Amino acid sequence: MRPFVLPSDPVRRRVLKGAAAGAALVTLPALAWVARLDPAVKPTLYAHRGASALRPEHTLAAYARAIADGADFVEPDLVCTRDGILIARHENAITDTTDVATRPEFARRKVKKTIDGETHEGWFVSDFTLAELKTLRAVERLPKMRGTAWDGQFQIVSFEEVIDFVAAEAAARGRTIGLIPELKHSTWFAGAGLPLEERFVATLKAHAYTRSAPVVVQSFETANLKGLRKLLGKPDNIRLAQLVIAGGKYDALRPADVALGGGSLTYGEMVSSRGLRDMARYADVVAPITRAVIPLGPDERLGKPTTLVADAHAAGLQVVTWTFRPENAFLAADFRNGDGPAARNEAGSVAEMWRYLETGIDGLFSDDSALARAAINA
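Below, the structure is looked at part by part. (Residues numbered from 1 in each chain as written. Predicted model: local features only at pLDDT ≥ 70, side-chain atom pairs only at ≥ 80, totals over all residues. Heavy atoms only, no water.)

Bringing the overall build of the chain into the picture now. Check the secondary structure of the chain and you find 15 helices and 13 strands. Counting only contacts in the chain whose residues sit at least 6 apart along the sequence, the fraction spanning at least 24 positions is 68%. Total accessible area on the chain stands at roughly 16,000 Å², and carbon and sulfur atoms take up 55% of it. (Helix = DSSP H or I, 4+ residues; strand = E, 2+ residues; numbered from the N terminus. Contact = heavy atoms within 4.5 Å. Areas by Shrake-Rupley, 256 points an atom, 1.4 Å probe, with all protein chains shown as cover.)

What follows is the structure, encoded as C-alpha cells:
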C-alpha cells in the first residue's frame, strides 16, 4: 500500500493549485470521455452532491468547495417543485436536509407519500413552489457525523442557478467544469403530473454553457434514459449513465420503473456480461455502488474484485463508482482507524480509493473532492 501523509491545509492548497494548473492545459471533454484503455488517462472526479462531507449537500457552497478542491464534475440531483421548476435536492423529501420542520407556516404541509415503493412522512419538494422553497435554508443531512456549523446559511437552488454558477466558476478558473445531474423518481414525478425529462432537456438547451460543456445524465431508472437517448441522440457533449445498486443482497433489487411496470429485470442481471451489453445500447456509463466492484467479505474487509469493470469495458461502457466518504463508518474495515465510526479518516479514505482505482474504473464519486484528487493524482 502506498504511504499517505495526512495533508495540512497549505499542502492541500499546493496540491490543488498544481492540479488546477494541469487541468487548464487539457479540455475536459477529452479527459471525461476517453475510455481508460490508456493507463496515462486519469480517472474523472465527480463531486457527490458537491463537497457534501464539508458543506450541506446541493448548495452553491458545496459546489464551490468541490470545484476549488479539484472536481471535474459536480452533481445536482434533480426533483421538481409544484410550479414545475427543477431544483437540486437528493430526493423529493426535504425533511432531513432543510429547516422546514422548524417553520410553523409550513406545518400543515407535513404528509405521507409513497415514492418508489417506500413510504415517507414529512415535507416534499413537489408540494412547494420555488418561491416558498427559497425561504428555507439547507441543513446537514448527517449532523452527528459532520456537524451543524453551516446549517441555516445557504438557500435551496434551482438547476438553472447551478448551471449559471458552474459556468461562472469555469470562466473564472479558465477550465471546463462538467455537470452530472441525476433525474430522481422520474416515474413518480410523471405520475404526479410533473415529468422531469422535457423540463430537463429544455433547460440544457436554454443555456449556452450546457450546449457545449460536458453533461452526464444519471438515473437509477431505465425508461427515462432510453427515452433521452431517442430524444437527444448522441451529441458530443452529453453522455448517459445507468446507476445500479448491485452486489450480494442488492442483486435482487429492480429499477423503480421496472418494478412499477411489473417487470422482472434486476440490477444483478443488469451488471451481468449480457446485461451490460444490453445497457450499452442506450447508455455510455454504468455507475455501480462501490461494493459491486470490490465486495466486502464477512469481516467487512475488501474481497476479490468482481469482473464488472472488465465486462463493462468489453461492452463499451465506462465505469464510475459511488460513493467514497471520508468517515470510518463508510470505509471497509481494512482502512478504519481507532477513532470511532463518526471520525474523519483521510488516510484511510485515500487508501480505499487507491484500491478501487487499481481495478481500472474510469471515475469515482466522492464526498470530499480534495481527498479524491489526492488519490487520483498519486
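Looking at the element boundaries, Thr98 is found in the loop between β4 (86-88) and β5 (111-115). Residue Thr98 is classed as buried on the basis of its relative accessible area of 4%. A polar side-chain atom of Thr98 sits 2.9 Å from the main-chain carbonyl oxygen of Ile94. In terms of polar contacts, Thr98 uses its side chain to reach the backbone amide nitrogen of Val100, at 3.2 Å. Once you skip the residues sitting within four places of it in the chain, Thr98 turns out to touch Arg89, Leu136, Arg137, Ala138, Val139 and Ile156. (Buried < 20%, exposed > 50% of the residue type's maximum accessible area, 1.4 Å probe, protein only. Polar contact = N/O pair within 3.5 Å; in protein donor to acceptor, adjacent residues only side chain to side chain.)

Our focus in this paragraph is the pairing of strand β9 (residues 215-219). Along a regular strand, successive side chains alternate from one face of the sheet to the other. By the criterion of burial, β9 is predominantly enclosed, with five of the five residues buried. Both faces of β9 are covered, namely the face carrying Val215, Val217 and Ser219 and the face carrying Val216 and Gln218. Of the pairings in the sheet, the one linking β9 to strand β10 (residues 238-244) comprises five bridges and is parallel in character. Paired with Val216 across the two strands is Arg239, which belongs to β10. A crossover connection joins β9 to the parallel β10 through helix α9 (residues 223-232); in handedness this β-α-β unit is right-handed. (Pairing = 2+ DSSP bridges. Right-handed = clockwise from strand over helix to strand, strands pointing away.)

To continue, consider the packing of helix α3 (residues 60-68) against helix α6 (residues 159-173). The N-to-C vectors of α3 and α6 enclose an angle of 30 degrees; their axes lie 11 Å apart at closest approach. Judged by the angle between their axes, α3 and α6 are roughly parallel. Crossing geometry of α3 relative to α6 is assigned as right-handed. Along its contact with α3, which presents Leu60, Tyr63, Ala64, Ile67 and Ala68, the element α6 presents Glu161, Val162, Phe165, Glu169 and Arg173. For the contact of α3 with α6, the per-class residue count stands at seven nonpolar, no polar and three charged. (Axes fitted to C-alpha atoms, helices over the stretch in contact; angles between N-to-C directions. Parallel < 35°, antiparallel > 145°, perpendicular 65-115°, else oblique. Left-handed = near helix turned anticlockwise from the far one by under 90°. Nonpolar A, V, L, I, M, F, W, Y, C, P; charged D, E, K, R; others polar.)

Going through the model one piece at a time under the given rule, you end up with 23 salt bridges. The residue Asp334 makes a salt bridge to Arg355 at a minimum N-O spacing of 3.9 Å. Taken together, the positions of Asp334 in the loop between β12 (318-324) and α14 (346-357) and Arg355 in helix α14 put the pair 21 residues apart, joining distant regions of the chain. A residue is classified by how much of its surface remains accessible, and Asp334, at 25% relative accessible area, is partly exposed. Within this structure, Arg49, Glu57, Glu91 and Arg141 form a network of salt bridges that share partners. (Salt bridge = Lys/Arg side-chain N within 4 Å of Asp/Glu carboxyl O.)

Right, let's get into the packing of aromatic side chains. For the structure shown, the criterion picks out eight aromatic pairs. Through a chain of ring-to-ring contacts, three or more aromatic side chains come together here, namely Tyr46, Phe73 and Phe365. Positioned above the aromatic ring of Phe128 is the side chain of Arg109, whose terminal nitrogen or guanidinium carbon lies 4.9 Å from the ring centre. In this structure, Arg325 is placed above the aromatic ring of Phe330, and the distance from its NZ or CZ to the ring centre is 5.1 Å. (Phe/Tyr/Trp six-rings, centres within 6.5 Å; stacked < 30°, edge-to-face > 60°. Lys NZ or Arg CZ within 6 Å of the ring centre and 35° of its normal.)

All right, on to α6 then. When the terminal C-alpha atoms of α6 are compared, their 21 Å separation across 15 residues agrees well with the 21 Å that a helix rising 1.5 Å per residue should span. Regarding α6, the residues found buried are Phe159, Val162, Ile163, Phe165, Val166, Glu169 and Ala170. End-on, the buried residues of α6 take up no more than an arc of 165 degrees, which puts them together on one face. For α6, exposure combined with an orientation more than 90 degrees from the buried face picks out Ala171 and Ala172. Looking at the buried side of α6, the elements it contacts are α3, β2 (73-74), β3 (77-80), β4, β7 (178-179) and α8 (197-206). A positive phi of about 70 degrees marks Gly174, the residue just after α6. (Expected span 1.5 Å × (residues − 1). Arc of directions from axis to C-beta.)

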